[in-house]
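# Architecture and fold: a report
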Amino acid sequence: WQTQGSPSDHLTIGHKVSTLGPDLTTQEFKQATKENMTNATFAVYEVLLPGVLGTSVEKNITLDRAARVELSCILNSKYTHLKNPQVTWKRGNETIGHFNKTENSWSIQLRILDHSKLGSYSCTLKGEEISAKFHLQVPTIEGKEKPIICYEGDTAVMICKSFGYTPIAWTWYRINGSEKILINETLLTEKYMIDRASANVTHLKILKLTSRDDGVYWCEAAFELGKSEGKVKLKVLSFMVPLKPFLAIVAEVVIFVTIVFLYEFYSKKKEKSAEEEKEFDQVEQLKSEESNGLDNSGARHRKI
């Protein structure tokens, strides 16, 4: 985990607080978590089994820190006539034990120490094929669905948020093919700036954008129970891009004007050729008439 900002981020479990130090190992972290489980929050989540055969209801449960959790499935009053209904609890595809909280409710209790206990838990009423699913997960991170569009030379600001939950640390990555590359602002201070705008918001600034900065970026939030990611797309455009429609229009105008000019040129040339041909025909006709006149005159003289 790469902690941004001042070393004032704290890990809180129950009512006890311990400061995350750079030398805190995974084993020490788990040990600290186990020692504080007695003071961890205890929460009960209940689901009413639906009254329609072959249906299932789902419930999302968000956990950002160690906790003791009880999940309960309660039989709908429509099925109270059933005697000793059989209920099966599973984690994924693995069947797990449960206990009857009341005659028509079945529960399991979990000690969530780390991300290995997260996942989907389900209860199914046999014979009726009615079930409920509990999805235990770390807080989701909101990136940005639509791409951020900037131009070369500009500064891009990408934002990730965690609503209602405070991450221990934020980390930014850039995708290069199938590989995630860590963005280390301390090594590239002239290119990247990472700041924690508030307890649950992080900003990544990319300075002096170039076409090579175009791509996908991931923000990763670290919580006590695991990590969550958000995705942001960055599109870097050249200054020629907004000019392309204008240039296309100019090109169309030039082509149109050229066509009109050539049409006028050839029309006038054709008209001129037609006039010259007409004049030539008239001259030839006059010559022919004069020649015929002379021949007729000579014939008359010979006749006399």
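Thresholds applied
- Residue positions within a chain follow its written sequence, with the count starting from 1.
- Totals for whole chains, interfaces and linings use all residues, but because this is a predicted model, local features are given only for residues with pLDDT of at least 70 and pairs of side-chain atoms are given and counted only at 80 or more.
- As a rule here, side-chain values cover all heavy atoms of the structure and leave hydrogens and water aside.
- Only DSSP runs of H or I with at least four residues qualify as helices, and only runs of E with at least two residues qualify as strands; both kinds are numbered from the N terminus onward.
- Contact definition: two residues touch when any of their heavy atoms are within 4.5 Å.
- To be clear on the numbers: accessible area is Shrake-Rupley with a 1.4 Å probe, and residue cover counts the displayed protein chains and nothing else.
- Nonpolar cores were defined as sets of buried Ala, Val, Leu, Ile, Met, Phe, Trp, Tyr and Cys residues, with membership established by side-chain atoms within 4.5 Å.
- Three labels apply to residues, based on accessible area from a 1.4 Å probe with only protein chains included: buried if under 20% of the type maximum, exposed if over 50%, partly exposed otherwise in between.
- Any N or O atom pair separated by 3.5 Å or less is treated as a polar contact, with the protein-specific requirement of one donor-capable and one acceptor-capable atom, and with residues adjacent in sequence counted only for side-chain atom pairs.
- Criterion for a disulfide: a pair of cysteine sulfur atoms within 2.5 Å.
- Each Phe, Tyr or Trp ring, with Trp reduced to its six-membered ring, pairs with another whose centre is within 6.5 Å; inter-plane angles below 30 degrees give stacked pairs, above 60 give edge-to-face pairs, and intermediate values give tilted ones.
- Whether a charge sits over a ring comes down to the Lys NZ or Arg CZ being within 6 Å of the ring centre and within 35 degrees of the ring normal.
- When DSSP finds two or more bridges between a pair of strands, those strands are recorded as paired.
- Angles run from 0 to 180 degrees between N-to-C directions of axes, and those axes are lines fitted to C-alpha atoms, restricted for helices to the stretch in contact.
- Salt bridge, as used here: a side-chain nitrogen of Lys or Arg that lies within 4 Å of a carboxyl oxygen of Asp or Glu.
- The patch calculation keeps residues exceeding 30% relative accessible area without a salt bridge and links them within 9 Å when they carry like charges or within 5 Å when they are nonpolar (Val, Leu, Ile, Met, Phe, Trp, Tyr).
- Known as pLDDT, the predictor's per-residue confidence is scaled from 0 to 100.

## Considering the overall build of the chain
What the chain contains, in helices and strands, is two helices and 19 strands. Pairs at least 24 apart in sequence give 67% of the contacts found in the chain among residues at least 6 apart. Of the accessible surface of the chain, which amounts to about 19600 Å², a share of 54% is contributed by carbon and sulfur atoms.

## Re the nonpolar core
Grouped together as the largest cluster of nonpolar side chains are 25 residues, with contacts concentrated most on Leu63, Leu71, Trp89, Ile112, Phe134 and Leu136. When residues of this core are traced back to their parent elements, those giving at least two are β5 (67-74), β6 (87-91), β9 (105-112), β10 (119-125) and β11 (130-137). By size, the runner-up hydrophobic cluster in this structure holds 21 residues, among which are Met158, Leu209, Phe223 and Val232.

## A look at the side chain of serine 107
Among the secondary structure elements, serine 107 is positioned in strand β9. Relative accessible area serves as the criterion here: at 0%, serine 107 is assigned to the buried category. A distance of 2.5 Å separates a polar atom in the side chain of serine 107 from a polar atom in the side chain of serine 72. In this structure serine 107 touches Glu70, Leu71, Ser72, Trp89, His98, Phe99 and Lys101, once residues within four positions along its chain are discounted.

## Some words on the state of the cysteines
Applying the stated criterion to the full structure yields two disulfides. Between cysteine 73 and cysteine 123 runs a disulfide, and the two sulfur atoms are separated by 1.7 Å. Across the S-S bond of cysteine 73 and cysteine 123 the torsion is about -90°, and the bridge reads as left-handed. Here cysteine 123 lies in strand β10 and cysteine 73 lies in strand β5, a separation of 50 residues in the sequence. Owing to a relative accessible area of 0%, cysteine 73 belongs among the buried residues under this scheme. Counting its disulfide-bonded cysteines in sequence order, the chain shows a connectivity of 1-2, 3-4.

## Here we look at unusual backbone geometry
Unusually for a residue other than glycine, lysine 208 sits at a positive phi of about 50°. With respect to the helices and strands, the residue lysine 208 is situated in the loop between β17 (201-206) and β18 (215-223).

## What to know about the packing of aromatic side chains
Here the structure, examined in full by the defined rule, presents one aromatic pair. When the centroid spacing of 5.9 Å and the interplanar angle of 20° are considered together, the rings of tryptophan 89 and phenylalanine 134 count as stacked. Placement of the pair is tryptophan 89 in strand β6 and phenylalanine 134 in strand β11, with a sequence separation of 45 residues. Pair check on accessibility: tryptophan 89 and phenylalanine 134 agree, each one buried. Sitting over the face of the ring of tyrosine 173, lysine 180 holds its NZ or CZ atom 4.7 Å from the ring centroid.

## Considering the sheet that holds strand β14 (residues 169-176)
Pairing within the open sheet is mixed, and its five strands lie in the order β12-β19-β18-β14-β15. The sheet is open, and its two borders are formed by β12 (148-151) and β15 (179-182), each paired with just one other strand. Strand-to-strand twist across the sheet, computed as the mean angle between neighbouring axes with direction ignored, equals 35°. With six bridges connecting them, β14 and β18 associate as antiparallel partners.

## Things to note about the environment of alanine 43
Summarising the element assignment, alanine 43 is placed in strand β3 (residues 41-48). For alanine 43, a relative accessible area of 19% gives the class buried.

## Digging into the pattern of salt bridges
Counted according to the given criterion, the structure contains seven salt bridges. Here lysine 180 and glutamate 229 are joined by a salt bridge, their closest N and O atoms 2.3 Å apart. Residue lysine 180 is found in strand β15, and its partner glutamate 229 is found in strand β19 (residues 226-237); the two are separated by 49 residues along the sequence. A cluster of three or more residues bridged by salt bridges with shared partners is formed by Glu46, Glu70 and Lys101.

## So, a nonpolar patch on the surface
A contiguous nonpolar surface patch, about 460 Å² in accessible area, is contributed by Ile249, Val253, Phe256, Val257 and Val260. In this fold, isoleucine 249 is placed in helix α2 (residues 240-303).

## Description of the confidence of the model for the chain
Across the chain, the average pLDDT comes to 77, with 71% of residues at 70 or higher. Here strand β1 (residues 10-13) is the element of the chain with the lowest mean pLDDT, 28, and β5 is the one with the highest, 94. The model gives residues 1-36 a pLDDT under 50, and that stretch makes 55 contacts with residues more than four places away or in other chains.

## Focus on the sheet that holds strand β13 (residues 156-161)
An order of β13-β17-β16 is seen for the three strands of this open sheet, with the pairing classed as antiparallel. At either margin of the open sheet sits one strand with a lone partner, and together these are β13 and β16 (192-198). Strand-to-strand twist of the sheet, defined as the mean angle between neighbouring strand axes without regard to direction, takes the value 20°.

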